[in-house]
Amino acid sequence: MYQFEYHKPASIEAAIELMNEAEDGKFIAGGQTMLPTMKHRLASPTDLVDLGKIEGLQSVRVDAETVTIGAMTTHAAVAASVDIRQAIPALAALAGNIGDPAVRNRGTLGGSIANNDPAADYPAALIALNAIVQTNSREIAAEDFFTGMFETALEENEIITQVRFACPTQASYQKFANPASRYAIAGVFAANFSSGLRIGVTGATAVAHRGARLEAALAGKQDPAAIAAALQGVALPVEKMNNDIHASAEYRADLVKTLTRKAVLACL
Amino acid sequence: MVGVTMTVNGEAVVGEVENRTLLVHFLRENLQLTGTHVGCDTSQCGACVVQVDGASVKACAMLAVQADGCQVATIEGLNDGKTLHPMQQAFMDHHGLQCGFCTPGMVMSALDIVQRHGNTVDEATIRHELEGNLCRCTGYHNIVNAIAAGAAAMGDETESAEV
């Protein structure tokens, strides 16, 4: 790892000021991707601005319709939160299957979505649960937030403060995890709302996306046989699927349908 | 170089580190606490697991400066050098190690498992919770047995201490 300046500001304003002054600064949240990336010299920021000491970014608030989670809330805290487990059990379960226990004790919601790894779990949940990403300056809908592989709608030096998820009537997240990294080879988050079914897909393509074709095919289907038949008829664009050492594009396309079936059946 | 202060295994320590010094290197090289191992460079193996403020973390994925002011517990703090901690004894009794390289991380993760899941934690939970610790010798089965036995033994110890 190359040398860098380290800062631990106490406020969002101070963090932004430090970044504005830095030549090539990076924010660090839990550091579970940032530090390994720096160890491999794939990133070499001049400054690291640690968001870990800023007050108020680790809160969890639940009301009848929404769950709002502070950006610096760890995966372990989300998984263990009694309120989240009650309001959106699938979201707590998702957090409890990211990485491993030690990673979950450091890794954060904000860090995960700012990094936007194409195989990360949270993006699928944000998209399916119609989440709003709140930053120091604005609100961004999840579908507009994840713009490309490791790319988001965040501006330079913009800081995520919290994410507000809509509470579904039922939800389920199904992932096929890489056995070494626990990242999703593909992952599908299905959520039922009074307005209909929403599906978020991660791991399968360059960036997590809404499963519009899947939603359309499954609209109104309540019977397991009808759900299976409807999915059979969906043609997913194989050319858009990731094709790598972990799985071929064809395999991923098939996996998405299988995981969708499991997730939707779990919501019945 | 910057100064860091933390409590390691109950003792206050100070040290001079670079910003880029990882917690695991501070423990091993500055404090000579070489029980915490470095087994990979991808944060996947778990040989470096320690507890920071009561939560297990990979000491290779945390900077020493981030642990400034924290309470750190390593494998060296588990016993007095004469009697093994019940979890260590269980690893010995159940042949939960061969080469031993992964063992400090395994034991520290095991204590974290007991802390969160109690003394009667079941096999499936232990296996799920060990996802972040790799062992290349044992095939895990004896490690899982050791953790279940160690968890039970820690319960017995608490009980007798309460009596």
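All values derive from a computational prediction rather than experimental measurement.

Conventions used here
Per chain, residue numbering runs from 1 following the sequence as it is written. Note on labels: chains are lettered from A, ligands numbered from 1, in written order. Local features in this predicted model are restricted to residues of pLDDT 70 or higher, and side-chain atom pairs are both shown and tallied only at a pLDDT of 80 or more, whereas totals for entire chains, interfaces and linings draw on every residue. Excluded from the side-chain calculations are hydrogens and water; all other atoms, namely the structure's heavy atoms, are used. By the criteria applied, helices consist of DSSP H or I runs no shorter than four residues and strands consist of E runs no shorter than two, each listed in order from the N terminus. The atom set for the radius of gyration is the C-alpha atoms, and the globule formula is 2.2 Å times the number of residues raised to the power 0.38. Note on classification: 1.4 Å probe, protein chains only; a residue is buried when its accessible area is under 20% of the maximum for its type, exposed when over 50%, partly exposed between these limits. Note on contacts: a residue pair is in contact if any heavy atoms of the two residues lie within 4.5 Å. Throughout, the Shrake-Rupley method with a 1.4 Å probe supplies accessible areas, and for residues the shown protein chains are the sole cover considered. Counting rule for charge: Lys and Arg are taken as positive, Asp and Glu as negative, and neither His nor the chain ends is counted. Lysine's charge is taken at NZ, arginine's at CZ, aspartate's at CG and glutamate's at CD. Start and end points for every domain follow an automatic or database-based domain assignment. Two parts lose some accessible area (1.4 Å probe) when they are put together, and adding that loss for both gives the buried area. By definition here, a salt bridge exists when the distance from a side-chain nitrogen of Lys or Arg to a carboxyl oxygen of Asp or Glu is within 4 Å. Polar contacts, as used here, are pairs of N or O atoms within 3.5 Å; protein pairs need one atom able to donate a hydrogen and one able to accept it. Residues neighboring in sequence count only if both atoms are side-chain atoms. We call two strands paired when DSSP finds no fewer than two bridges between them. Angular values range over 0 to 180 degrees, each being the angle between N-to-C directions of two axes fitted as lines to C-alpha atoms, with helices fitted over their stretch in contact.

This next bit is on the overall build of chain A. Across its full length, chain A carries twelve helices and 14 strands. A compact globule built from 268 residues should have a C-alpha radius of gyration of about 18 Å, and chain A, at 18 Å, falls within 12% of that. Each of the three principal axes of chain A carries a C-alpha extent, and together these read 60 × 45 × 30 Å. For chain A, buried positions account for 56% of its 268 residues. In chain A, of all internal contacts separated by at least 6 residues, the share reaching a separation of at least 24 is 59%. Put simply, chain A shows about 11,500 Å² of open surface, and 48% of that area lies on carbon and sulfur atoms. Here chain A holds 22 positive side-chain charges and 28 negative ones, and the gap between their average locations is 9 Å.

Another point: the domain arrangement of chain B. Residue and element names in this part refer to chain B. In terms of domains, chain B is made up of domain 1 (2-78) and domain 2 (86-162). Domain 1 puts 17 residues into the contact, and the matching count from domain 2 is 14 residues. Between domain 1 and domain 2 the total buried area reaches about 1,300 Å² when both faces are included, carbon and sulfur atoms providing 59% of it. Across the contact surface, domain 1 and domain 2 share zero salt bridges. Linking domain 1 with domain 2 are seven residue pairs in polar contact (both at pLDDT 80 or more).

Note on placement: Thr202(A) falls in strand β13 (residues 196-202). Sequence-distant contacts of Thr202(A), defined by excluding residues within four places in its chain, comprise Pro118(A), Ala119(A), Ala120(A), Asp121(A), Ala124(A), Tyr173(A), Ala184(A), Ala186(A), Gly187(A) and Ala208(A).

Attention now goes to the side chain of Thr108(A). Mapped onto the elements, Thr108(A) comes out in the loop between α6 (101-106) and α7 (109-115). Among the polar contacts listed, one links the side chain of Thr108(A) to the backbone nitrogen of Gly111(A), at a separation of 3.0 Å.

Before going further, it helps to spend a moment on the pattern of salt bridges. Residues and elements named next belong to chain A. Within the structure shown, the criterion is met by 13 salt bridges over all chains. Between Arg252 and Asp244 there is a salt bridge, with its nearest N and O atoms 3.1 Å apart. A single salt-bridge network, built from bridges that share partners, covers Glu143, Arg198, Arg210 and Glu215.

All names here are of chain A. Read from one edge to the other, the open sheet built from five strands follows the order β4-β5-β10-β6-β7, with strand pairing classed as antiparallel. Among the strands making up the open sheet, the edge pair consists of β4 (60-62) and β7 (139-141). Here the strands of the sheet are splayed against their neighbours by 20 degrees on average, with no regard to which way each runs. Sheet analysis places β4 next to strand β5 (residues 66-70), joined by three bridges and oriented antiparallel. From the neighbouring strand, Arg61 faces β5, where its bridge partner is Thr68.

Take the interface of chain A and chain B next. By a frequent convention, interface size equals the accessible area lost on bringing the separate parts together. With 31 residues of chain A at the contact, the number on the chain B side is 25 residues. Approximately 2,200 Å² of surface area, both sides summed, lies buried where chain A meets chain B, with 50% of it carried by carbon and sulfur atoms. Considering only the side of chain A, the residues that lose the most area to chain B are Gln3(A), Lys39(A) and Arg106(A), jointly responsible for 22% of the buried surface there. Taken together, the connections running from chain A to chain B amount to two salt bridges. The shortest N-O distance in the salt bridge between Lys58(B) and Asp100(A) comes to 2.6 Å. The tally of links from chain A across to chain B stands at eleven residue pairs in polar contact (both at pLDDT 80 or more). Listed by contribution, the elements that provide at least two residues to the side of chain A that touches chain B are β1 (5-7), α2 (34-39), β3 (47-50) and α6 of chain A.

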